[in-house]
Amino acid sequence: MKVILATLNDKEQIMALYRGMIGTPGCTWSKNYPNEDLFAMDVASSNLFCIKNQQNEVIATVSVDQDKEVEELSVWTLPGKIAELARVAVRSDYQNQGIARLLLTQTMAELKTRNYQGAHFLVSETNPKALASYKKLNFTLCGTSTLYGEHWLCYEKIL
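Residues numbered from 1 in each chain as written. Predicted model: local features only at pLDDT ≥ 70, side-chain atom pairs only at ≥ 80, totals over all residues. Heavy atoms only, no water.

Asker: For this particular structure, what's the right way to read helix α4 (residues 99-113)?
Answerer: For an α-helix, the turn length of 3.6 residues means that residues three or four places apart are oriented alike. With 15 residues, α4 should cover 21 Å at 1.5 Å per step; its first-to-last C-alpha distance of 21 Å lies within 8% of that length. Listed in full, the buried residues belonging to α4 are Ile99, Ala100, Leu103, Leu104, Thr107, Met108 and Leu111. Down the axis of α4, the sector holding all buried residues measures 155°, keeping them to one side. (Helix = DSSP H or I, 4+ residues; strand = E, 2+ residues; numbered from the N terminus. Expected span 1.5 Å × (residues − 1). Buried < 20%, exposed > 50% of the residue type's maximum accessible area, 1.4 Å probe, protein only. Arc of directions from axis to C-beta.)

Below you can see the structure in the form of structure tokens.
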């Protein structure tokens, strides 16, 4: 499986994937987030990545977000051009198979070709699947924050 850029043609599947995550343990998403406007911005900026199965169905996705409030958090320690990874989702029938790690590893490799020096993200401390996946990728916990009405663990990694 290979990570590719998502296109506007992937909208229905990616939005369904986002909606399917709502209500799962640790997921902070709602019917209003992520939304179609974010999807369109991510595609337009070539910052929405996905993995498709052999039937050409989207099974996982991640965005490289451009959120000024997240970027300005005081917890970050890495210098240089840093990407924020956000909106990671893996279809339920593909979870616990290393798909998220594959998605993130290949996305970070692409970010390195785009001259990023590191990556960071926020994760809910009540999201056990995400925490397990990020631990295997050797991200460093660099602090916590409260943003958007949620408490977050803040992780970063040199690419």
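Asker: What is the right way to read the sheet that holds strand β5 (residues 118-124) from this model?
Answerer: Neighbouring strands of a sheet are bound in pairs by backbone hydrogen bonds; such pairs are parallel or else antiparallel. Pairing in this open sheet of seven strands is mixed, and the strands run β1-β2-β3-β4-β5-β7-β6 from one edge to the other. The sheet is open, and its two borders are formed by β1 (3-5) and β6 (140-147), each paired with just one other strand. Averaged over all pairs of adjacent strands, the angle between strand axes in this sheet comes to 30°, irrespective of strand direction. Relative to strand β7 (residues 150-158), β6 runs antiparallel, the two sharing seven bridges. When the bridges of β7 are listed, Thr140 appears paired with Glu156. (Pairing = 2+ DSSP bridges. Axes fitted to C-alpha atoms, helices over the stretch in contact; angles between N-to-C directions.)

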